[in-house]
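As a plain string of letters, each chain reads:
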Amino acid sequence: MRRVELTEAGARLTDELATAGLDNLRRVLEQLDLDTLRALAQATGKIREAAIRLHHDPAPHLRRKVG
């Protein structure tokens, strides 16, 4: 296995890209009305819950369903 590291310039560029992405997301979210933001928060919460379940049980699709 080989390990690689970003150069200082590469790390700066990565940080800039991440910041630009967050700035763009904020701009998009600012365009949404309150009801849409609430629906998005609810959906995001459900996605997070599913991701947590998968993290704790990464292969639920391999189990047989009974009943």
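Below is a short write-up of the structure. As the structure is a prediction and not an experimental result, all values here were calculated from the model.

What follows concerns the overall build of the chain. Looking only at helices and strands, the chain has two helices and zero strands in total. When burial is assessed residue by residue, the chain has 1% of its 67 residues classed as buried. Counting only carbon and sulfur atoms, one obtains 58% of the accessible surface of the chain, whose full area is about 6900 Å².

Our next topic: helix α2 (residues 34-56). Its 23 residues place the ends of α2 33 Å apart at the C-alpha level, agreeing with the 33 Å of an ideal helix rising 1.5 Å per residue. The backbone nitrogen of Asp-35 has a side-chain oxygen 3.0 Å away, supplied by the residue at the start of α2, namely Asp-33.

Here the focus is the pattern of salt bridges. Considering all chains together, one arrives at three salt bridges under this definition. Arg-12 is the partner of Glu-8 in a salt bridge, and the nearest nitrogen-oxygen pair spans 3.3 Å. Taken as a pair, Glu-8 and Arg-12 lie in helix α1 (residues 8-29) at a separation of four residues, close to a single helical turn. The class of Arg-12 is partly exposed, set by a relative accessible area of 45%. With its nearest N and O atoms 3.8 Å apart, the salt bridge here joins Arg-38 to Asp-35. Taken together, the positions of Arg-38 and Asp-35, both in helix α2 and three residues apart, correspond to about one turn of that helix. Comparing Arg-38 with Asp-35, the two get one shared label, exposed.

Cut-offs and rules
- Residues numbered from 1 in each chain as written.
- Predicted model: local features only at pLDDT ≥ 70, side-chain atom pairs only at ≥ 80, totals over all residues.
- Heavy atoms only, no water.
- Helix = DSSP H or I, 4+ residues; strand = E, 2+ residues; numbered from the N terminus.
- Buried < 20%, exposed > 50% of the residue type's maximum accessible area, 1.4 Å probe, protein only.
- Areas by Shrake-Rupley, 256 points an atom, 1.4 Å probe, with all protein chains shown as cover.
- Expected span 1.5 Å × (residues − 1).
- Polar contact = N/O pair within 3.5 Å; in protein donor to acceptor, adjacent residues only side chain to side chain.
- Salt bridge = Lys/Arg side-chain N within 4 Å of Asp/Glu carboxyl O.

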